[in-house]
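Chain by chain, the residues run as shown.
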Amino acid sequence: MRTFPRPQAPRRRLRLATAGLALPLALLVTACGGAESTGGSGDGGGEPQPGGTLAVGLNTSVACVDPHQNSSNVTIFVARQIADSLTDQDPETGEVTPWLAESWDVAPDATSYTFHLQEGVTFSDGTPLDAEAVAANFDTITELGPAVAPLASTYLDGYAGSEVVDEHTVTVNFDHANVQFLQGTATITLGILAPATLALTPEERCAGNLVAAGPFVIDSYQPEQRVTLNRRDGYDWASPVLEHEGEAYVESVDFEVVPESGVRAGQLRNGELHVDTIPLTEDVPSFEGNGFGVVGRPYPGVGVNLIPNLERPLTSELAVRRAVSLGADREEIVAGVFTEYDQVARNVITSATPFFEPLDGLEYDPEQAESLLDEAGWVPGADGIRERDGQRLELLGLYHAGRQAGPMMELLQSQLREIGIDLQIRLEAPADLAAAQASGEWDLWYSPFHRAEADAARAVFGFSGRNQNRAPEARPVDELLQAQSGEADPERRQELVTEATQELVDEGYAIPLYELAGVMTHADSVRGFHFEASSRLSLYDVWLDE
């Protein structure tokens, strides 16, 4: 049994030594290269001043605010301010650090984790954070299952139950090694909710009935319009990777849903918004200086991939899947549609993800793509779209609202048409995504997934994860994805991660396109603005210089 953290940690800006199951630091530092990522803004603005309302623009509705059930960006933006986690992750080093748990012990085979909780922490309804509450969170997620809590369930892969050792000590057990669990405890997806919230139905929790231990509480929730948070009085257990202690600075946060990017940009310019969480790419340069600022940082995890549906006849063909990948001009996509912070994909996971290594087979080669389709019997028809036995090579790609997602899909559509593939694209509203995915009525699914852990690949593609490919049975790549998830030795895990992601590309189970960065624009009056480890909003340190 190994104990972390070691040695005793200082309270602020904690920098721990690399800890056994954590990531190879050298890999992470290398991975964070590329486009400059500020990850923070507003330093040097004088002494922080409490008070004020921070106005934040969202591009889409918050369909469900429960982080156990929903992992969309807007849900995370809101929920991260409400719920704390057992651990945190330093966005600069990738180290897992204490938070609600002040230390933890890890079994050598990574089948059990014992957390020692801070004393004196309470949920916003006044009930204490104790071992029973932590155990109830993991038990409830497991009871909800992958259908209701798809992402959280993957973090608890192999969960065998939690044992309450004493009031402030809980042991979480797995029936097999689960190396990625510790990082999972740092995410909002495994954020700790109050027992009273866990007793509600999933629908009630989605609708904003959420009590947790974070620095803000929900004041009002109108999913299609706005979510308002109020600062929690008496909060005093912030993560040591943050910049200050005690209560949050701003008195309230007003998340406003404004779908039109041009309207959000105008609101930022005229002072109605302080932060635009998803600015229009071509507007970003105009907000650099001139009374505004830009914060950009690559998202870790699975980059923007197209994921073929293996249940559909056309995308069940390897030649078709590989042709789509070879026919995608990634350089043109990034140069033509995105910002300096975004990058061409070189792996299924992004270069900001630990254990990233560049892969082969991601070159733009339309001639090889056409050759593969020729050999498979797909011949150009009268309009240039290929046909075989009277069937057109027509694929349906579904995507959801994201920065430049629409223009990117339109550009890809034109690129694939050059090799004889008719890509039909359809934007799905957030409220319809789950139903559309479950229907299986699609050929290609647009899917970034942000998490600072290489196991993100298993979570998305693995047979024991979401199985986004809808594979009818486990494949050889699933064995590799599962093996890396249980491998405690960093060198061996690196080999397994690279082998697994290369297999995803070679078999056309994944079609990596680009690495999306979190890019936000803000008024100069916003101080202490930075991202957490997964490049999402952290508003605890923010204050307004107005």
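The structure displayed is predicted, hence computed values, not measured ones.

A. A negative patch on the surface, seen in detail. Together, Glu-102, Glu-119, Asp-166 and Glu-167 line one region of the surface with negative charge. In this structure, Glu-167 sits in the loop between strand E8 (159-166) and strand E9 (169-174).

B. Quick peek at the packing of aromatic side chains. Inspection of every chain in the model, using the stated rule, returns 14 aromatic pairs. When the centroid spacing of 6.4 Å and the interplanar angle of 75° are considered together, the rings of Tyr-399 and Tyr-446 count as edge-to-face. Note that Tyr-399 is positioned in strand E20 (residues 394-400) and Tyr-446 in strand E22 (residues 444-450), a separation of 47 residues in sequence. Tyr-399 gets classed as buried once you look at its relative accessible area, which sits at 10%.

C. Up close: the nonpolar core. Ranked by internal contacts, the top residues of the largest apolar core, which has 113 residues, are Phe-115 and Phe-255. Per-element tally for this core: the top contributor is helix H3 (residues 131-148), with seven residues. Once residues within four sequence positions are removed from consideration, Phe-115 is found in contact with Leu-86, Thr-87, Ala-101, Ser-103, Trp-104, His-168, Thr-169, Val-170, Val-172, Phe-181, Leu-182 and Thr-185. Counting 34 residues, the second largest nonpolar core, distinct from the first, contains Leu-306, Ile-333, Ala-405 and Ile-419.

D. Looking closely at the sheet that holds strand E3 (residues 53-58). With respect to topology, seven strands assemble into an open sheet ordered E10-E11-E12-E3-E13-E24-E14, the strand pairing being mixed. At either end of the open sheet lies a strand with only one pairing partner, and these are strand E10 (216-222) and strand E14 (292-298). Sheet topology note: the E3/strand E13 (residues 275-276) ladder contains two bridges and is parallel. Looking at E13, one finds that Gly-57 is bridged to Asp-276.

E. Fine view of H3. Relative to the 26 Å expected for 18 residues at 1.5 Å per residue, H3 spans 24 Å between its end C-alpha atoms, a close match to the ideal helical length. In H3, a bend of some 45° at Thr-142 exceeds every other bend along the element, and Pro-146, a proline, comes one to four places later. The set of residues buried in H3 consists of Ala-131, Ala-133, Val-134, Ala-135, Asn-137, Phe-138, Thr-140, Ile-141, Leu-144 and Gly-145. Residue Asp-130 occupies the N-cap position of H3, its side-chain oxygen lying 3.3 Å from the main-chain nitrogen of Glu-132.

F. Up close: the sheet that holds strand E21 (residues 422-428). Taken in spatial order, the six strands make up an open sheet running E16-E23-E15-E22-E20-E21, and their pairing is mixed. What marks the edges here is a single partner per strand, and that holds for strand E16 (343-344) and E21. Of the strand pairs in this sheet, E20 and E21 are connected by seven bridges, and their pairing is parallel. The residue bridging Tyr-399 from the neighbouring strand is Leu-427, located in E21. Packing against the sheet, helix H9 (residues 318-326) makes contact with strand E15 (301-308), E20, E22 and strand E23 (511-515), and its axis sits at approximately 25° to E23.

G. Up close: the state of the cysteines. Under the counting rule described, the total for this entry stands at one disulfide. The disulfide bridge from Cys-64 ends at Cys-206, spanning 2.0 Å between sulfur atoms. Negative torsions about the S-S bond denote left-handed disulfides, and the value of about -80° found for Cys-64 with Cys-206 makes this one left-handed. Placement of the pair is Cys-64 in the loop between E3 and helix H2 (73-79) and Cys-206 in helix H7 (residues 202-206), with a sequence separation of 142 residues. One exposure class covers both Cys-64 and Cys-206, and it is buried.

H. Structural view of the side chain of Arg-536. In this structure, Arg-536 sits in the loop between strand E26 (529-531) and strand E27 (537-538). Comment: no salt bridge for buried Arg-536; closest opposite-charge side chain is Glu-532, at 5.3 Å. Polar contacts involving the side chain of Arg-536 include one to the side chain of Ser-534, which spans 3.2 Å. Excluding its chain neighbours within four sequence positions, the residues that come into contact with Arg-536 are Ser-71, Asn-73, Ile-76, Phe-77, Tyr-299, His-450, His-530 and Phe-531.

The rules behind the values
- Residues numbered from 1 in each chain as written.
- Predicted model: local features only at pLDDT ≥ 70, side-chain atom pairs only at ≥ 80, totals over all residues.
- Heavy atoms only, no water.
- Patch = residues over 30% accessible without salt bridge, like charges linked within 9 Å, V, L, I, M, F, W, Y side chains within 5 Å.
- Areas by Shrake-Rupley, 256 points an atom, 1.4 Å probe, with all protein chains shown as cover.
- Salt bridge = Lys/Arg side-chain N within 4 Å of Asp/Glu carboxyl O.
- Lys, Arg positive; Asp, Glu negative; His and termini not counted.
- Charge placed at Lys NZ, Arg CZ, Asp CG, Glu CD.
- Helix = DSSP H or I, 4+ residues; strand = E, 2+ residues; numbered from the N terminus.
- Phe/Tyr/Trp six-rings, centres within 6.5 Å; stacked < 30°, edge-to-face > 60°.
- Buried < 20%, exposed > 50% of the residue type's maximum accessible area, 1.4 Å probe, protein only.
- Core = buried A, V, L, I, M, F, W, Y, C linked by side-chain atoms within 4.5 Å.
- Contact = heavy atoms within 4.5 Å.
- Pairing = 2+ DSSP bridges.
- Expected span 1.5 Å × (residues − 1).
- Bend = angle between axes of the 7 residues up to and from the residue.
- Polar contact = N/O pair within 3.5 Å; in protein donor to acceptor, adjacent residues only side chain to side chain.
- Axes fitted to C-alpha atoms, helices over the stretch in contact; angles between N-to-C directions.
- Disulfide = S-S within 2.5 Å.

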